[in-house]
Amino acid sequence: MPPATTDPLTGQAPPAEVTRDVHERMVRIRLFETEAGRLMEAGRLPGFLHLYVGQEAVAAGVMSALADTDQITSTHRGHGHAVAKGARFREMYAELFGKATGYCHGHGGSMHINDLSIGMLGANGIVGAGIPIAVGAAFASVYRDDGGVAVAFFGDGASNIGAFHEAVNMAAVLRLPVVFVCENNGYAEFTAQAGHMLLTDVADRADAYGIAKEIVDGMDAVAVHLAARRAVDRARSGGGPTLLEAKTYRYYDHQGVKGLRIPYRPQEEIDAWKARDAIDALESWLVEHGRATREDLEAVWDRTRREIAEAIEYAERSPDPDPDTDLLRDVYTTYTTDTTGNAS
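An account of the accompanying structure is given in this report. A quick note: this is a predicted structure, and the numbers were derived from the prediction, not measured.

What counts and how
Residues numbered from 1 in each chain as written. Predicted model: local features only at pLDDT ≥ 70, side-chain atom pairs only at ≥ 80, totals over all residues. Heavy atoms only, no water. Helix = DSSP H or I, 4+ residues; strand = E, 2+ residues; numbered from the N terminus. Contact = heavy atoms within 4.5 Å. Buried < 20%, exposed > 50% of the residue type's maximum accessible area, 1.4 Å probe, protein only. Pairing = 2+ DSSP bridges. Axes fitted to C-alpha atoms, helices over the stretch in contact; angles between N-to-C directions. Phe/Tyr/Trp six-rings, centres within 6.5 Å; stacked < 30°, edge-to-face > 60°. Lys NZ or Arg CZ within 6 Å of the ring centre and 35° of its normal. Expected span 1.5 Å × (residues − 1).

**Section: the environment of Leu286**
- Position of Leu286 relative to the elements: it lies in helix H9 (residues 278–288).
- Along the backbone, Leu286 and Tyr143 are 143 residues apart, and their C-alpha atoms lie at a distance of 41 Å.
- Non-local contacts of Leu286, meaning those with residues more than four positions away in its chain, are made with Thr19, Arg20, His23, Arg291, Ala292 and Leu297.

**Some remarks on the side chain of Asn124**
- Tracing the backbone through its elements, the reader meets Asn124 in the loop between helix H4 (89–96) and helix H5 (130–144).
- For Asn124, a relative accessible area of 16% puts it in the buried group.

**Remarks on the sheet that holds strand E3 (residues 178–184)**
- One open sheet accounts for five strands, arranged E1-E2-E3-E7-E6; its pairing is parallel. If you trace the sheet from one side to the other, it starts and ends with strand E1 (71–73) and strand E6 (212–217), each paired once. Each strand of the sheet is rotated relative to its neighbour by a mean of 20 degrees, with strand direction disregarded.
- In the sheet, E1 pairs with strand E2 (residues 150–155) via three bridges, with the strands oriented parallel. Residue pairing across strands places Gln71 opposite Ala150, the latter belonging to E2.
- Running at roughly 145 degrees to E3, helix H6 (residues 162–174) makes contact with E2, E3 and strand E7 (242–247) of the sheet.
- Sheet strands in contact with helix H7 (residues 221–236) are E3, E6 and E7, and its direction is about 165 degrees off that of E6.

**Concerning the pairing of E6**
- Pairing analysis gives six bridges linking E6 to E7, with the strands arranged parallel. Within E7, the position partnered with Ile215 by the bridge is Glu245.

**A word on the packing of aromatic side chains**
- All chains considered together, the criterion is met by six aromatic pairs.
- With a centroid separation of 5.7 Å and an interplanar angle of 25 degrees, the aromatic rings of Phe32 and Phe89 are classed as stacked. Placement of Phe32 in helix H1 (residues 16–41) and of Phe89 in helix H4 is noted, with a sequence separation of 57 residues between them.
- On the accessibility criterion, Phe32 (0% relative accessible area) is buried.
- Above the ring of Tyr314, the side-chain terminus of Arg90 is found at 3.8 Å from the ring centroid.

**Comments concerning H6**
- Taking 1.5 Å per residue, 13 residues should reach 18 Å; H6 reaches 18 Å between its end C-alpha atoms and fits that length.
- Buried positions along H6 lie against H5, E2, E3 and E7.
- Just downstream of H6, Arg175 is the residue with a positive phi angle, here 50 degrees.

**Overview of the environment of Ser141**
- The residue Ser141 is located in helix H5 in this model.
- According to the relative accessible area criterion, Ser141 is buried, its value standing at 6%.
- Spatially, the C-alpha atom of Ser141 lies 27 Å from that of Met92, the residues being 49 residues apart in sequence.
- Among all residues touching Ser141, those that are not within four sequence positions of it are Asp146, Gly147 and Gly148.

In structure tokens, the structure reads:
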């Protein structure tokens, strides 16, 4: 299926530079994640790693519709969002290695990367926890009257939790400038969508709160960009929230590359989604429509590979956190007791 080329409301196609930008964001995500997975499988990274490979069109499409000053909240599968929002490879890999030069100085690891300077309010290991944070960011933008939009990313499983419903209801009532992006990859960890909800479309949950909704092919980066742009424009102009559901798929297991090696998805299903790879589809479209040559596209891959190799080298030679000076860095409160049991 070729990428969508025009906005059904305006009849306009995205400018060539936008489609090229979306492509580069996807390539950067794919290569970052592929290398991170390789490092984990080689035993060179500590902790857990939830890879975003396959879902690149969602992060790239949404982030290309945002201003640099707009803010996002992410998930345990958050590397793709961070990369697409402009996070730097060096600090990201350093954080994955647990180094002092990482975004969180080695304290947070894979699931807690943040960079407030680019509006990345943080990944979060708690399912759905970023949703009310994004609503708070949107409320703050209204309070400051700065024209900002907040975007919350989450999965189909997170739409079952109370925080989702409370946050969406509050955003609806206050008509806050927030976009709720459900990356529906069909599985809540290991449970297929049909096993945890009776709905086919998570977007239908918007009806209960009176907000706009849209469903988009999450393997079509241009379609995601256009849908996100509509939702962002609505939010920024005072039209309130949108629940945007992107139907997508993760190529690897819930955690890591090989995961727990417990088969819960048919190989035929995985292969069918890979055959619709968003990067391959967009590259073919760009070439066919004269927006890029194969040499142009390969240059993006080569440039990104070099940047990643340098970033990994930087991360590996970076120092570990010093327990004497870094242990309590960024810790707001500590609780200790003396030998008599008195607290301080």
